Each structure stands twice: as C-alpha cells, then as structure tokens.
Amino acid sequence: MGAHYKNFIAGEWVDGATVTRDINPSDTNDVVGEYAQADAAQTGAAIDAAHTAFPSWSRTTPQERHDILLRVSTEILARRDELGRLLSREEGKTLPEGVGEATRAAQIFDFFAGEALRIPGEKFASVRPNVDIEVTREPIGVVGIIAPWNFPIAIPAWKIAPALAYGNTVVFKPADLVPGSAHALAEIIVRAGVPKGVFNLVVGRGSVVGQAILDHKRVDAVTFTGSVATGRRVAAACAGAMRRFQLEMGGKNPLVVLADADLPTAVECAVNGAYFSTGQRCTASSRLIVEEPVYQRFADKLMERMRALTVDDALKPGTHIGPVVDATQLEQDLSYLAIGQKEGAKLALGGERLNRATPGFYMAPALFLDADNSMRISREEIFGPVSAMIPARDYDHALAIANDTEFGLCAGICTTNLKHASHFKRNAEVGMAMVNLPTAGVDYHAPFGGRKGSNLGPREQGRHAVEFYTTVKTAYTLA
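Criteria and cut-off values
Residues numbered from 1 in each chain as written. Predicted model: local features only at pLDDT ≥ 70, side-chain atom pairs only at ≥ 80, totals over all residues. Heavy atoms only, no water. Helix = DSSP H or I, 4+ residues; strand = E, 2+ residues; numbered from the N terminus. Rg over C-alpha atoms; globule rule 2.2 N^0.38 Å. Buried < 20%, exposed > 50% of the residue type's maximum accessible area, 1.4 Å probe, protein only. Contact = heavy atoms within 4.5 Å. Areas by Shrake-Rupley, 256 points an atom, 1.4 Å probe, with all protein chains shown as cover. Salt bridge = Lys/Arg side-chain N within 4 Å of Asp/Glu carboxyl O. Pairing = 2+ DSSP bridges. Axes fitted to C-alpha atoms, helices over the stretch in contact; angles between N-to-C directions. Expected span 1.5 Å × (residues − 1). Core = buried A, V, L, I, M, F, W, Y, C linked by side-chain atoms within 4.5 Å. Lys, Arg positive; Asp, Glu negative; His and termini not counted. Parallel < 35°, antiparallel > 145°, perpendicular 65-115°, else oblique. Left-handed = near helix turned anticlockwise from the far one by under 90°. Nonpolar A, V, L, I, M, F, W, Y, C, P; charged D, E, K, R; others polar.

Engineer: Help me out: how do you make sense of the overall build of the chain in this one?
Structural biologist: In terms of regular secondary structure, the chain is built from 15 helices and 25 strands. A compact globule built from 479 residues would reach a C-alpha radius of gyration of about 23 Å, and the chain, at 23 Å, matches this within 12%. Scored against the burial criterion, the 479 residues of the chain give a buried share of 59%. Pairs at least 24 residues apart make up 73% of the contacts formed inside the chain by residues separated by at least 6 positions. Summed over its atoms, the accessible surface of the chain is roughly 18800 Å², and 52% of this surface lies on carbon and sulfur atoms.

Printed below as a string of structure tokens:
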C-alpha cells in the first residue's frame, strides 16, 4: 500500500473528503500512493485563501518572487531523476522522457524567475502638453489552474511559474490520474517559501473541484489544458462570469512528407511525433500526409522502424514506448482501430493489446494505410499510439489536406525544398509549424499554442505568457 498524501490549502496540509489511489499503468498491482481528494467546500476555502493572500503577494518585490521561483527550479533540477521516476511510474511515459520532463519543469521555473525581474512597462509623451503617460502591467488576481494528465509536471510548471512570477495567487487542480507529480511539485513550492495562501493544491474530480473553481466568484482567471468538450464548458462558465480564460485543447496534427524529403529524417519525425510518449500528446502526428511517389517506400521504412520499437514497463531500461495511461484510454484507442477498419482504412501494423511481465495497459503502436481525411480516424483526436497515412498528389494537395481540420495546434513538413518549406510555414493554419522536425517538441522560452479548435486565449510559455497573467493599466499625470 502506498503512502497517504494531503492537499495544501491556506498554508496547511489537510485531508480531503475522500481518497483516490494512484495506480502505476505499467504494473496495476503497484499503488503509487493514496491522495486526499478535495470537495467543493475545501476548494472554496483554497480560493478564499488565495484571494486573501493576493493583495500582499501582488505587492512583493520582483526580487522576492524571483528568489522563490529560483529555489523551486534548483530543487527540481537537483531531484530530476527522482521526480522523473515518479512521473513515469504514475503516467507511463518512459523514464528518459520522465526525467526530461522534470528537467524542463526546472528550466521553466528558472525562466520565469528571470521574468519576474523583467515585467515590461512603457512611458511616452501625450498628445496634450505637460501630460505624462505610463503603461504598466499588474497581476490579475486568483488564477485557477486546471492541468491534464499527460505532462503532469511540465504543464503545471508553465502555468504556475508565470502566475506567481507576475504576482498572482494560485489554486491548482491537477488531473486526478497523476496526483503524485502534482504533490511533489507542491511540496517543493512550499519549501521554497511561498507565503500562506499564495499557492494551493486541490486534488479531485473535474466535476467537483474543477466545477467549484468555475463557480466561485473570487476566481479572476482560469487556465485550462484538456479536451475540447471540457474546454467549451470552461469557456462558457468564464464568459458568463466575465472572467479571463485561456484554453489549450486538442490537435489532429499533420506531418507532410514530400517526395523530395530525406526519408530517414521523415521516418524519425513520424515515429517520434506519432508514437513516443505513447502518442498521448496534443502535439502528436496523428495524420501522416505523404506524396504518392514515395508513399509506399515511406510506409515500408516507417513500419520497419516501428517493428524495432520496444513496448514495455516505463521504468525498464531499453523501453521506447510505455503503457497507455489507464484502462479507459486503452479502450478508446482500441475502439478507434475498429472504427478505422470499418471506414475502409487498412490497419497495416500494430494495434494489439500486449502482455508483459507485469499487468499493465500495453498496446502495440498502430499504423493505418490508405486513410482518407474524411474518416473519423483522420478527424478526431485519438490520443494514443495510432496514426493514419493519407496519400497526397502533390504539395498543394498535401497542404489542403493538412489544413482541412477543425484543429490548428501544430503541423510539420519534411522536405528539402526551401520554397515549399517557406510556403508551408506561412500557410499552415496552425499556431506552430515544424520543418524536418517532429510536431511534438517545443522550447520552453517560446510561445506555445494553436488556432481554430485547439486554442482560445493568449499563448502559453515564454514572454508571451505575460499577456494572460497580467492586465494593462494606463496612467496619466499632469506635470
């Protein structure tokens, strides 16, 4: 039996109304821990504490906020192997991926420690004589953070760090599938010296804790990463309350492979983007759009590469792909295999439920051939190790297929033609475009976000985060 962990509310570790068990998807006999789940009343108490703490915290010096965030970064980096192992144990991504994500979280806190010292402002002359104008940025207040399970330390980091850096207070609801990483991060933030009420952790179901955040009048902004359906509910609730919100939702990301592409590079881009992290990334390459002259050669090389991938326990050395996160997600992935075949696509490789030394949610990465962009497997986010290859007549046809989606997070192209690469970067209807790189994989200091159904609100990460976490004030002074 795992250890018991509490929520952090108003500067105290407190038990919840109920308890959830955190299960290792690589070994369902392994209980990572038991985590207290907050109810609506406790969530309200956390919000009230954040509201009470805001006036004092928002007026701390940039140096104070910098120092706290830097201490968080330093501890995460020093413990990245331990934190990465915990992350991989509860979420199922491989140990190198888990350690890499923990490292990134440290880098994010380090970056925003610096940003606390660089909050921008402007001063310029008025059109009226003897009048000065100052434009400053101020924190917005209590920020409700609703995070997903697929990046259980990096995504919370890139929401919590800027919120605190710019002087806001936080109520953090992690996904209930991955409370371990959230609790470990919370402990680090508390040890770094964050004052009472400034940071609060409330673990629990979205229907309880998430809804309480949306219903509370003292929440000034909500940042959400998750499904489109839930994102719409968040938007509706926040719009009704005249509250600021930021949504990062799904993706159905295309990787275009042109006939002139370097095929080994293209294959690596496809394998990395479609299957690493078990395909459980909003940036995953779930549509592979390949020019007809190289379609079969690319398919053959891709399947050869896929056969060399090892699916096993996330913590086991040599594992390339870990398990799916839980039984519900696995059933969803498997259901799409049946849907694709019924629609007429050819399941060329993979898709089997796998048995390993320990009971877990293992699935062989799957590849559909001869898919059409109108099929459900080409239009709906599966969120698993499943991709569909779609033939394209030429570049223009490939671009049209790539843009024919309700989503617009990211898109990639593999080509050695500078003209096509430049045209694609300009005309792909996405927030992020990649050339000869996997669609999954971004830098922590650059803006992250999409268009169309993938995003609503200001960008996350990098200096663009200031747009969401601050409000602009213009002050006029008669000299």
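Engineer: In this structure, what is going on with the pattern of salt bridges? I would like to understand it.
Structural biologist: Side chains that differ in charge, positive against negative, can pair when their charged atoms come close. For the coordinates displayed, the defined rule picks out 18 salt bridges. Two residues, D48 and R218, come together in a salt bridge whose shortest N-O distance is 3.3 Å. Here D48 is found in helix α1 (residues 40–58), whereas its partner R218 is found in the loop between α7 (206–215) and β11 (221–225), with 170 residues between them in sequence. By relative accessible area, which is 30% here, D48 ends up partly exposed.

Engineer: I tried to follow the side chain of T20 on my own but got confused; where do I start?
Structural biologist: Tracing the sequence through the fold places T20 in strand β4 (residues 18–24). By relative accessible area, which is 15% here, T20 ends up buried. Once residues lying within four places of it in the same chain are set aside, the contact partners of T20 are G33, E34, Y35 and Q37.

Engineer: Can you help me understand the sheet that holds strand β15 (residues 346–349) in this one?
Structural biologist: Adjacent strands of a sheet pair through backbone hydrogen bonds, lying either parallel or antiparallel. If you walk across this open sheet you meet the 7 strands as β15-β18-β19-β14-β13-β21-β22, and the pairing is mixed. The outermost strands of the open sheet, each flanked by one partner alone, are β15 and β22 (432–435). Taking each pair of neighbouring strands and ignoring which way they run, the sheet shows an average axis angle of 25 degrees. Across 4 bridges, strand β21 (residues 410–414) lies against β22 in parallel orientation. Residue pairing in the sheet places G412 in a bridge with M434 of β22. The sheet strands contacting helix α9 (residues 263–275) are β13 (253–257), β14 (285–291), β18 (366–369), β19 (386–392) and β21, and the helix crosses β13 at an angle near 170 degrees. Lying on the sheet, helix α10 (residues 295–307) is in contact with β13, β14, β15, β18 and β19; it crosses β18 at an angle near 165 degrees.

Engineer: It is not clear to me how the sheet that holds strand β6 (residues 122–125) should be interpreted in this structure. Could you clarify?
Structural biologist: Strand order across the open sheet formed by 3 strands is β6-β7-β25, with antiparallel pairing between neighbours. Either end of the sheet is taken by a strand with one partner, and the two such strands are β6 and β25 (470–478). The average angle at which neighbouring strand axes cross in this sheet is 20 degrees, direction not considered.

Engineer: Would you mind going over helix α5 (residues 154–165) with me for this structure?
Structural biologist: One turn of an α-helix holds 3.6 residues; hence residues three or four places apart share an orientation. If you check α5, its first and last C-alpha atoms are 16 Å apart, about what 12 residues at 1.5 Å a residue would give, namely 16 Å. The buried fraction of α5 is high, at 12 of 12 residues. Positive phi shows up at G167, right after α5, with a value of about 95 degrees.

Engineer: Help me out: how do you make sense of the environment of A465 in this one?
Structural biologist: Within the fold, A465 resides in the loop between β24 (455–456) and α15 (466–469). When the C-alpha positions of A465 and A446 are compared, they lie 9.6 Å apart, and in sequence the two are 19 residues distant. For A465, the residues in contact, after removing those within four places along its chain, are F112, P162, Y166 and R459.

Engineer: Please clarify how the pairing of β4 should be interpreted in this entry.
Structural biologist: Put simply, side chains in a regular strand alternate between the two faces of the sheet. Pairing analysis gives 7 bridges linking β4 to strand β5 (residues 27–37), with the strands arranged antiparallel. Opposite I23, over in β5, you have V31 as the bridge partner.

Engineer: Would you mind showing me how to read the nonpolar core here?
Structural biologist: Note on soluble globular proteins: their nonpolar side chains tend to be buried together. With 65 residues, the main nonpolar core has I76, F109, F112, I160, F172 and F199 as its most contacted residues. Contact partners of I76, with chain neighbours within four places excluded, come to L83, A102, A105, A106, F109, L185 and I188. Of all hydrophobic cores here, the second largest spans 32 residues; its members include V257, L263, V294 and F298.

Engineer: When you look at the side chain of E291 in this model, what are you seeing that I'm missing?
Structural biologist: Looking at where E291 falls in the secondary structure, it is placed in strand β14. Despite being buried, E291 has no salt bridge partner; R393 is the closest side chain of opposite charge, sitting 9.5 Å away. Dropping the residues within four chain positions of it, E291 is found in contact with V257, L258, A259, A392, R393, D394 and Y395.

Engineer: What is the right way to look at the packing of helix α3 (residues 80–91) against helix α4 (residues 95–115) in this model?
Structural biologist: A pair of packed helices is captured by two measures, namely the crossing angle of their axes and the spacing between those axes. Two elements in contact, α3 and α4, have axes separated by 7 Å at closest approach and are oriented at 125 degrees. The angle between α3 and α4 places the two elements in the oblique class. The interaxial crossing formed by α3 with α4 has right-handed handedness. For the pair formed by α3 and α4, the contact residues are R80, D81, L83, G84, R85, L87 and S88 on the first element and L95, G98, V99, E101, A102 and T103 on the second. In the contact of α3 with α4, the residues fall into 5 nonpolar, 4 polar and 4 charged.

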